[in-house]
Amino acid sequence: MGVIKKTTGLMGLAVAQNPHHTLGALYGKILRTLKRMPETSVYRKYTEQIVRERAAVLTQTKDVFEIEKAINCGQAEELIVQAENELNLARKMLNWKPWEDLVARAPKGQWDWPPTKQ
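Residues numbered from 1 in each chain as written. Predicted model: local features only at pLDDT ≥ 70, side-chain atom pairs only at ≥ 80, totals over all residues. Heavy atoms only, no water.

1. Looking at a positive patch on the surface
Working step 1: Together, K29, R32, R36 and R91 make up a positively charged patch on the protein surface.
Working step 2: Relative to the helices and strands, R91 is located in helix α4 (residues 76-96).
Working step 3: Overall, R91 belongs to the partly exposed group, its relative accessible area being 42%. (Patch = residues over 30% accessible without salt bridge, like charges linked within 9 Å, V, L, I, M, F, W, Y side chains within 5 Å. Areas by Shrake-Rupley, 256 points an atom, 1.4 Å probe, with all protein chains shown as cover. Salt bridge = Lys/Arg side-chain N within 4 Å of Asp/Glu carboxyl O. Lys, Arg positive; Asp, Glu negative; His and termini not counted. Charge placed at Lys NZ, Arg CZ, Asp CG, Glu CD. Helix = DSSP H or I, 4+ residues; strand = E, 2+ residues; numbered from the N terminus. Buried < 20%, exposed > 50% of the residue type's maximum accessible area, 1.4 Å probe, protein only.)

The structure is reproduced here in structure tokens:
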């Protein structure tokens, strides 16, 4: 019999009942959303890479503790919150279309760092 997790130890974050399934579903939704963006989109390129790596970990192991260890970004419940947030952001990015040209030219020095005094 495996170890049963009773608490996450994090205030307000309940133990996920089926984190493996939940993460798989969320990663699938994120990837489908990203496919609707141009392949040249930097956001798509790097987000897709991270999500595919995490999804590969899910296919390689069924043990939640091993998944947490391999991904190394928190407990399964935290990974779920991260995936939900990424899905929300990806959907917003579809509306924002940051890969399109600006409507007007950016002011001189807009993208300079550190900012230059004018």
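2. Let's talk about the environment of N88
Working step 1: Locating N88 in the fold gives a position in helix α4.
Working step 2: Distance in space between the C-alpha atoms of N88 and A14 is 21 Å, their sequence separation being 74 residues.

3. Some words on α4
Working step 1: Given a rise of 1.5 Å per residue, 21 residues ought to cover 30 Å, and the 30 Å separating the end C-alpha atoms of α4 matches this to within 8%.
Working step 2: All of the buried residues in α4 are A76, E77, L79, I80, A83, L87, A90, M93 and L94.
Working step 3: Buried residues in α4 make contact with α1 (19-34), α2 (42-60) and α3 (64-71).
Working step 4: Following α4 by one or two positions, K97 has its phi on the positive side, about 50 degrees. (Expected span 1.5 Å × (residues − 1). Contact = heavy atoms within 4.5 Å.)

4. Let's talk about α3
Working step 1: For α3, the complete set of buried residues consists of I67, E68 and I71. Angularly, the buried residues of α3 cover 100 degrees about the axis, an arc narrow enough to put them on a single face. Counted as exposed and oriented over 90 degrees from the buried face of α3: K69 and A70.
Working step 2: Each element contacted by the buried residues of α3 is listed here: α1, α2 and α4.
Working step 3: One or two positions beyond α3, positive phi appears at N72, with a value near 60 degrees. (Arc of directions from axis to C-beta.)

5. Re the packing of α3 against α4
Working step 1: Axis separation between α3 and α4 bottoms out at 9 Å; the angle between their running directions is 60 degrees. Between α3 and α4, the angle falls in the class oblique. Facing α3, whose interface residues are V64, I67, E68 and I71, α4 presents A76, E77 and L79.
Working step 2: Broken down by class, the residue content of the contact of α3 with α4 amounts to five nonpolar, no polar and two charged. (Axes fitted to C-alpha atoms, helices over the stretch in contact; angles between N-to-C directions. Parallel < 35°, antiparallel > 145°, perpendicular 65-115°, else oblique. Nonpolar A, V, L, I, M, F, W, Y, C, P; charged D, E, K, R; others polar.)

6. Concerning unusual backbone geometry
Working step 1: With an omega of -5 degrees, the peptide bond running from W113 to P114 counts as cis.
Working step 2: Position of P114 relative to the elements: it lies in the segment after α4.
Working step 3: Notably, N72 is not glycine yet its phi reads approximately 60 degrees, a positive angle.
Working step 4: You can see N72 is positioned in the loop between α3 and α4.
Working step 5: Positioned with a positive phi, K97 is a non-glycine residue whose angle comes to about 50 degrees.

7. As for the side chain of H20
Working step 1: Here H20 shows up in helix α1.
Working step 2: In terms of polar contacts, H20 uses its side chain to reach the backbone carbonyl oxygen of L58, at 2.8 Å.
Working step 3: Setting aside anything within four residues of it in sequence, one finds H20 in contact with L58, T61, K62 and I67. (Polar contact = N/O pair within 3.5 Å; in protein donor to acceptor, adjacent residues only side chain to side chain.)

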